[in-house]
Amino acid sequence: MIKNRVGIGFGTWAWGNKFVWGYKAETDDILLKKTFSDAIEGGLDLVDTADSYGTGKLFGQSETLIGDFLEEFPITKLKKITIATKLAPFPWRIGRNGLKQAFKESNKRLKGNLKRVQLHWSTYRYAPWQEEQLINGLGDLYEDGFIEEIGLSNTGPKRLNFLYQKLKERGIKIKSIQMQFSLLTKPSLADEKIKNVCNENNIEYLAYSPLALGILTVPVNKSPKTSTFIRNQLFRKLLPKTSELRALLGNIGKKYSASQAQVALNWVRSHGAKPIVGIRNPSQAKDAIAALNWTLTKKEKESLDLYREHCPINMPTNPFISP
Ligand SMILES: NC(=O)c1ccc[n+]([C@@H]2O[C@H](COP(=O)([O-])OP(=O)(O)OC[C@H]3O[C@@H](n4cnc5c(N)ncnc54)[C@H](OP(=O)(O)O)[C@@H]3O)[C@@H](O)[C@H]2O)c1
């Protein structure tokens, strides 16, 4: 597995979500701007967003906000961070040029700072003929010098191998793949296979939802109210059956004066993956940065691995994942 040199990415799905569920521009923008700036100044070096974050009238809003925030940073700083988006292979984005216009629009919203374009998911399950066309289209954007890096997302080991080979034939590398990975994702052979492909080919494995949408951060005996109905349902289902695991996170954290979130993020890093954490406020940014200052011992990692294997409940799997 590639050495996890740089640590934690800064995901913004939560923002997209927030736009759908009652976003208040004046107050939220100021808070998000400070959160973003603290995260970048603190050393988080990957910003992950998607053109589909922020739906309906707010489509692309996450990218727009990030683009605005980036205007405050000097070029020297911008050169050190990677701005990555995910383009959704919607059914109307057809053929080799299907993502070209989407790329242009995302890059415009991100004020020309887009460095890595990721295919949000493979169309293999429902439109297999599209898959190769779309990846070749991303290859064209790379060859024409519009993007520096190509990434994948929600792609199982077979499709990862296939897409990797397709680009390799053109001398293009896949930089990263992002999959759901946390102490609450079910251990699977497919995931091991993906990690092997990543190891063999120097592909970065990015872990999304590394805190299981925040469940792993909840202290034992607490059941917080969350911001959305769906998240509330998930918390109600998963919290009661994860108390032992969360107690262990809390105990390990005490030794390092660290939060449960930090322990959960460091468990992800101990698996050679780079967590992309959904940070909502400055104190969460500070916490994610603090997680980079220490690592789990082998024994602590193994005890968490064991809990994961025997955990009676898991996060739902993403239906977009291909074989
Ligand atoms: N490729 C894909 O299909 C895909 C899918 C999902 C996500 N992603 C990416 O992964 C990123 C992160 O995933 P995610 O937001 O789904 O899940 P996550 O990172 O597991 O959880 C995010 C939630 O955890 C809580 N949190 C964060 N830091 C915390 C801290 N230090 N202490 C306590 N609570 C903390 C926040 O909850 P509160 O809001 O309650 O404060 C936040 O909303 C996204 O932003 C996106 O970029 C990609």
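Rules and cut-offs
Residues numbered from 1 in each chain as written. Predicted model: local features only at pLDDT ≥ 70, side-chain atom pairs only at ≥ 80, totals over all residues. Heavy atoms only, no water. Buried < 20%, exposed > 50% of the residue type's maximum accessible area, 1.4 Å probe, protein only. Helix = DSSP H or I, 4+ residues; strand = E, 2+ residues; numbered from the N terminus. Pairing = 2+ DSSP bridges. Contact = heavy atoms within 4.5 Å. Polar contact = N/O pair within 3.5 Å; in protein donor to acceptor, adjacent residues only side chain to side chain. Phe/Tyr/Trp six-rings, centres within 6.5 Å; stacked < 30°, edge-to-face > 60°. Lys NZ or Arg CZ within 6 Å of the ring centre and 35° of its normal. Core = buried A, V, L, I, M, F, W, Y, C linked by side-chain atoms within 4.5 Å. Salt bridge = Lys/Arg side-chain N within 4 Å of Asp/Glu carboxyl O. Axes fitted to C-alpha atoms, helices over the stretch in contact; angles between N-to-C directions. Parallel < 35°, antiparallel > 145°, perpendicular 65-115°, else oblique. Left-handed = near helix turned anticlockwise from the far one by under 90°. Nonpolar A, V, L, I, M, F, W, Y, C, P; charged D, E, K, R; others polar. pLDDT = per-residue confidence, 0-100.

1. Brief notes about the pairing of strand β8 (residues 274-278)
Phase 1 of the analysis: Among the five residues of β8, four are classified as buried, and the element is accordingly described as predominantly covered.
Phase 2 of the analysis: Relative to β8, strand β7 (residues 204-208) runs parallel, the two being bridged by three bridges. Bridge pairing in β8 links Y208 to I276.

2. Examining the environment of L110
Phase 1 of the analysis: With respect to the helices and strands, L110 occurs in the loop between α5 (100-109) and β4 (116-119).
Phase 2 of the analysis: Expressed as a C-alpha distance, the spacing of L110 and T64, which sit 46 residues apart in the sequence, is 6.0 Å.
Phase 3 of the analysis: Every residue in contact with L110, bar those within four places of it in the chain, is listed here: E63, I66, G67, L70, I83 and T85.

3. Here's the deal with helix α3 (residues 61-70)
Phase 1 of the analysis: The buried fraction of α3 is high, at seven of 10 residues.
Phase 2 of the analysis: Residues of α3 that are buried: S62, E63, L65, I66, G67, F69 and L70.

4. Quick word on the side chain of K86
Phase 1 of the analysis: Along the chain, K86 turns up in strand β3 (residues 82-87).
Phase 2 of the analysis: According to the relative accessible area criterion, K86 is buried, its value standing at 1%.
Phase 3 of the analysis: At a separation of 2.7 Å, a polar atom in the side chain of K86 contacts the side chain of D48.

5. Notes on the packing of aromatic side chains
Phase 1 of the analysis: For the structure on display, the rule yields nine aromatic pairs.
Phase 2 of the analysis: Taking 4.4 Å as the distance between ring centres and 40 degrees as the angle between the ring planes, the aromatic pair formed by W121 and F320 counts as tilted. One end of the pair, W121, is in the loop between β4 and α6 (128-143); the other, F320, is in the segment after α13 (298-310), and 199 residues separate them in sequence.
Phase 3 of the analysis: With centroids separated by 5.1 Å and ring planes inclined at 25 degrees, the aromatic side chains of F181 and W267 adopt a geometry described as stacked. Of the two residues, F181 is situated in the loop between β6 (176-180) and α8 (189-201) and W267 in helix α11 (residues 260-270); the sequence distance between them amounts to 86 residues. For the pair formed by F181 and W267, the shared burial category is buried.
Phase 4 of the analysis: When the ring centre of Y124 is taken as reference, the NZ or CZ atom of R159 above it lies at 3.8 Å.

6. Quick look at the nonpolar core
Phase 1 of the analysis: Ranked by internal contacts, the top residues of the largest apolar core, which has 80 residues, are F36, I177, L184, Y205, I215 and L304.
Phase 2 of the analysis: The biggest single contributor to this core is α11, with six residues.
Phase 3 of the analysis: When neighbours within four sequence positions are excluded, L304 is seen to be in contact with L183, L245, L248, L249, I252, V263, W267 and L296.
Phase 4 of the analysis: Membership of the second largest hydrophobic core comes to five residues, among which are L46, A84, L206 and I276.

7. A short note on the pattern of salt bridges
Phase 1 of the analysis: Applying the stated criterion across every chain yields a total of 20 salt bridges.
Phase 2 of the analysis: A salt bridge links K166 to E132; the shortest N-O distance between them is 3.6 Å. Of this pair, K166 sits in helix α7 (residues 157-168) while E132 sits in helix α6; the two residues are 34 residues apart in sequence, bridging distant segments of the chain.
Phase 3 of the analysis: Between R170 and D140 there is a salt bridge whose closest N-O contact spans 2.7 Å. On the criterion of sequence distance, the pair formed by R170 in the loop between α7 and β6 and D140 in helix α6 is long-range, its members being 30 residues apart.
Phase 4 of the analysis: A relative accessible area of 22% places R170 in the partly exposed class.
Phase 5 of the analysis: Here the salt bridges share partners, and the residues they tie into one network are R96, D140, E143 and R170.

8. Examining the pairing of β3
Phase 1 of the analysis: In terms of burial, β3 is a largely internal element, six of the six residues being buried.
Phase 2 of the analysis: Going residue by residue along β3, you find T82, A84 and K86 tucked away on one face and I83, T85 and L87 tucked away on the opposite face as well.
Phase 3 of the analysis: Note that strand β2 (residues 46-48) and β3 share three bridges and pair parallel. Bridge assignment links L46 to a residue of β3, and that residue is T82.

9. Some points on α11
Phase 1 of the analysis: With respect to burial, α11 is a largely interior element, 10 of its 11 residues being buried.
Phase 2 of the analysis: Elements in contact with the buried residues of α11: β7, α10 (243-256), β8, α12 (282-290) and α13.
Phase 3 of the analysis: Just downstream of α11 lies G272, where phi reads positive at about 75 degrees.

10. A closer look at the packing of α6 against α7
Phase 1 of the analysis: Contact geometry for α6 and α7: axes closest at 10 Å, N-to-C directions at 45 degrees. Relative to α7, the element α6 is oriented oblique. In this structure, α6 meets α7 at a crossing whose hand is right-handed. For the pair formed by α6 and α7, the contact residues are E131, E132, I135 and G139 on the first element and R159, F162, L163, K166 and L167 on the second.
Phase 2 of the analysis: Split into classes, the residues belonging to the contact of α6 with α7 amount to four nonpolar, one polar and four charged.

11. Section: the confidence of the model for the protein chain
Phase 1 of the analysis: For the protein chain, the mean per-residue pLDDT works out to 90, and 91% of the residues sit at or above 70.
Phase 2 of the analysis: Under a pLDDT of 50 for its full length, residues 1-6 has, in the predicted model, 18 contacts with residues more than four places off or in other chains.
Phase 3 of the analysis: This stretch, residues 13-24, has a pLDDT under 50; its non-local contacts, to residues over four places away or in other chains, come to 29 contacts.

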